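# Summary of structural features
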Amino acid sequence: LETAPAPDDPDVSLAMLNGNFATAVEVCLAQGRVADALILAASGGEELWAATRDQYLASNKSAFMSRLSAVVHQDFDRYVAESSLPAWKETLALIHTYASAEALQGLCNLLGERLEAEAGDASAAVLCYMCAANTVKAVELWHARYSEQSAGAAGGG
């Protein structure tokens, strides 16, 4: 791994020599030296590490950072509630990969509810309900879709 050499910053050096990792991290972040800040924070204790990590995760609102934050914080309820519905397959894959077995059913139900109510995507919602083992809701949507198709076929002929 090749990286550009970090500038020899007297403020960071002095803070490090005095064991003041919080100040060293603050200076690095102010200079946009995120990698240096994270390495220093890891040496400065769990509280400093968590605060620096969280500041970094919050600094970028991209879809990737949102997914990464959900995994790091195990905050899948919020992730599913705020995720982009056109990317529902990625959301479903993420929760299947990283959420606890105990939380998975509720998360799949929540995603199905959003797909049904906000996107009107019954097929995607059915899949989520099936993943949640919510057969009642899956069958209800199947029945509604079948009834619509039957009514359309009967009225068109």
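Our subject in this report is the structure included herewith.

Cut-off values and rules
Residues numbered from 1 in each chain as written. Predicted model: local features only at pLDDT ≥ 70, side-chain atom pairs only at ≥ 80, totals over all residues. Heavy atoms only, no water. Axes fitted to C-alpha atoms, helices over the stretch in contact; angles between N-to-C directions. Helix = DSSP H or I, 4+ residues; strand = E, 2+ residues; numbered from the N terminus. Parallel < 35°, antiparallel > 145°, perpendicular 65-115°, else oblique. Contact = heavy atoms within 4.5 Å. Buried < 20%, exposed > 50% of the residue type's maximum accessible area, 1.4 Å probe, protein only. Polar contact = N/O pair within 3.5 Å; in protein donor to acceptor, adjacent residues only side chain to side chain. Salt bridge = Lys/Arg side-chain N within 4 Å of Asp/Glu carboxyl O. Arc of directions from axis to C-beta.

The next thing to look at is the packing of helix 2 (residues 21-30) against helix 3 (residues 34-43). One can describe the packing of helix 2 onto helix 3 by two numbers: an axis separation of 8 Å at closest approach and a directional angle of 170°. The angle between helix 2 and helix 3 places the two elements in the roughly antiparallel class. In this structure, helix 2 contributes Phe21, Ala24, Val25, Cys28 and Leu29 to the contact, and helix 3 contributes Val34, Asp36, Ala37, Leu40, Ala41 and Ser43.

Here Asp9 lies in the segment before helix 1 (10-17). Here Asp9 falls in the buried class, since its relative accessible area comes to 10%. Within the structure, Asp9 has its side chain in polar contact with the backbone nitrogen of Asp11 (distance 2.7 Å). Contacts of Asp9, omitting those with residues within four sequence positions, involve Val27, Gln31 and Arg33.

A few words on the pattern of salt bridges. It is possible for side chains of opposite charge to pair when their charged atoms get near one another. Tallied over the full model, the rule gives eight salt bridges. Here Asp9 makes a salt bridge to Arg33, at a shortest N to O gap of 3.9 Å. Of this pair, Asp9 sits in the segment before helix 1 while Arg33 sits in the loop between helix 2 and helix 3, and the two are 24 residues apart along the sequence. Overall, Arg33 belongs to the buried group, its relative accessible area being 13%.

Our next topic: helix 5 (residues 63-73). Within helix 5, burial applies to Met65, Ser69 and Ala70. Seen along its axis, helix 5 keeps its buried residues to an arc of 140°; they face one direction. The inward-facing, buried residues of helix 5 contact helix 4 (46-58), helix 6 (76-82) and helix 7 (88-98). Once helix 5 ends, the next one or two residues include Gln74, with phi positive near 55°.

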